[in-house]
Amino acid sequence: MLELDNIAAGYGKLQILHELSIHVRPGELVSVVGANGAGKTTTLRVISGLIGTMGGQVRYDGEVITGLRAHQLVKRGIVQVSEDRDLFGPMTVEENLVLGAWTRRKAAINEELERIFELFPILLERRRQAAQTMSGGQQQMLAIGRALMAKPKVLMLDEPSTGLSPKMTWDVLNAASAIRDSGVSVLLVEQNAAQALAISDRAYVLESGSVVLEGPGRELAGDERVKKAYLGL
Ligand SMILES: Nc1ncnc2c1ncn2[C@@H]1O[C@H](COP(=O)(O)OP(=O)(O)O)[C@@H](O)[C@H]1O
Ligand SMILES: [Mg+2]
């Protein structure tokens, strides 16, 4: 289980996250939803060790992992897809995927590629094509596929729906559900609350760096405050 316990964090002296506690259990899909600037990306940066903490702990399976670097986290099975996807545009789809497998033995790579092509058939079709020639949704799938090449136990996704049509957003979020069903825990960060809550086992609503509501995804989607503030209802 991944646990953020009472986290305080920010940039320089500016504190953004306040007493933030969230957790993700094995096999769960958990969302953190909130407006632009609420602190969603900052939360993932704390887990990924990209920024320091002013207080609190990040734990994984009981071990304190606060401040561990990305490569140390990947070895423990914690992998993030960042907001800007970080693909190598001129390289092919398959080359980008293989880059995600740096922790793996060679023999495991082809097996993993096959599983990812099953999840995202479009990547198989386009495997020899440069990543930069693909649509936004396809690039998001590629970024997720590359993260899966590391065989994560916990996959963190930062706003995968950014720039995507509602239909493409469903395709990407349904893939996130399928990844959860395959036994990988998913921590999804989304401004797009309606679609994120619909697929989440549990969710947290973040406002100004604090959790203001939490509960099962469907319950939160029906909450009057959430409807007013985030679902435009
Ligand atoms: N590198 C940074 N330096 C200073 N402030 C930042 C930095 N990145 C984000 N912030 C501020 O932190 C707050 C939360 O940002 P962020 O975590 O990116 O929100 P979200 O991902 O929910 O849109 C915002 O007020 C933002 O301006
Ligand atoms: Mg963000």
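Note that the structure is a prediction, hence the values are computed from the model and not measured.

A few points about the nonpolar core
- If you look at the biggest cluster of nonpolar residues, it comprises 48 residues, and the most contacted ones within it are L97, L123, L142, I144, L155, L157 and L188.
- Sort the elements by how many residues they give to this core and helix α6 (residues 136-148) lands first, with six residues.
- Discounting chain neighbours no more than four positions away, the residues touching L123 are V93, I116, F117, M134, Q138, M141 and L142.
- Formed by 27 residues, the second largest nonpolar core is a distinct cluster that contains V24, V30, V46 and Y60.

Remarks on the pairing of strand β8 (residues 185-190)
- In terms of residue burial, β8 counts as a mostly covered element, since six of its six residues are buried.
- Side chains of β8 alternate between two faces, with S185, L187 and V189 and V186, L188 and E190 buried alike.
- Here strand β7 (residues 154-158) pairs with β8 via five bridges, running parallel. What sits directly across from D158, in β8, is V189.
- The parallel pair β7 and β8 is bridged by helix α7 (residues 166-181), and the resulting crossover is right-handed.

Quick notes on the sheet that holds strand β1 (residues 2-11)
- Across the sheet, four strands lie side by side as β2-β1-β4-β5; this open sheet has antiparallel pairing. Across the chains shown, the open sheet's two edge strands, defined by having one partner strand only, are β2 (14-24) and β5 (63-64).

As for the environment of S200
- Tracing the backbone through its elements, the reader meets S200 in the loop between α8 (193-199) and β9 (202-207).
- C-alpha of S200 to C-alpha of L188: the two residues are 12 residues apart in sequence and 8.6 Å apart in space.
- Leaving out residues up to four positions away in the same chain, S200 has contacts with L29, S31 and G217.
- There is a polar contact of 2.5 Å between the side chain of S200 and the side chain of S31.

Rules used in this analysis
- Residues numbered from 1 in each chain as written.
- Chains lettered and ligands numbered in written order.
- Predicted model: local features only at pLDDT ≥ 70, side-chain atom pairs only at ≥ 80, totals over all residues.
- Heavy atoms only, no water.
- Core = buried A, V, L, I, M, F, W, Y, C linked by side-chain atoms within 4.5 Å.
- Buried < 20%, exposed > 50% of the residue type's maximum accessible area, 1.4 Å probe, protein only.
- Helix = DSSP H or I, 4+ residues; strand = E, 2+ residues; numbered from the N terminus.
- Contact = heavy atoms within 4.5 Å.
- Pairing = 2+ DSSP bridges.
- Right-handed = clockwise from strand over helix to strand, strands pointing away.
- Polar contact = N/O pair within 3.5 Å; in protein donor to acceptor, adjacent residues only side chain to side chain.

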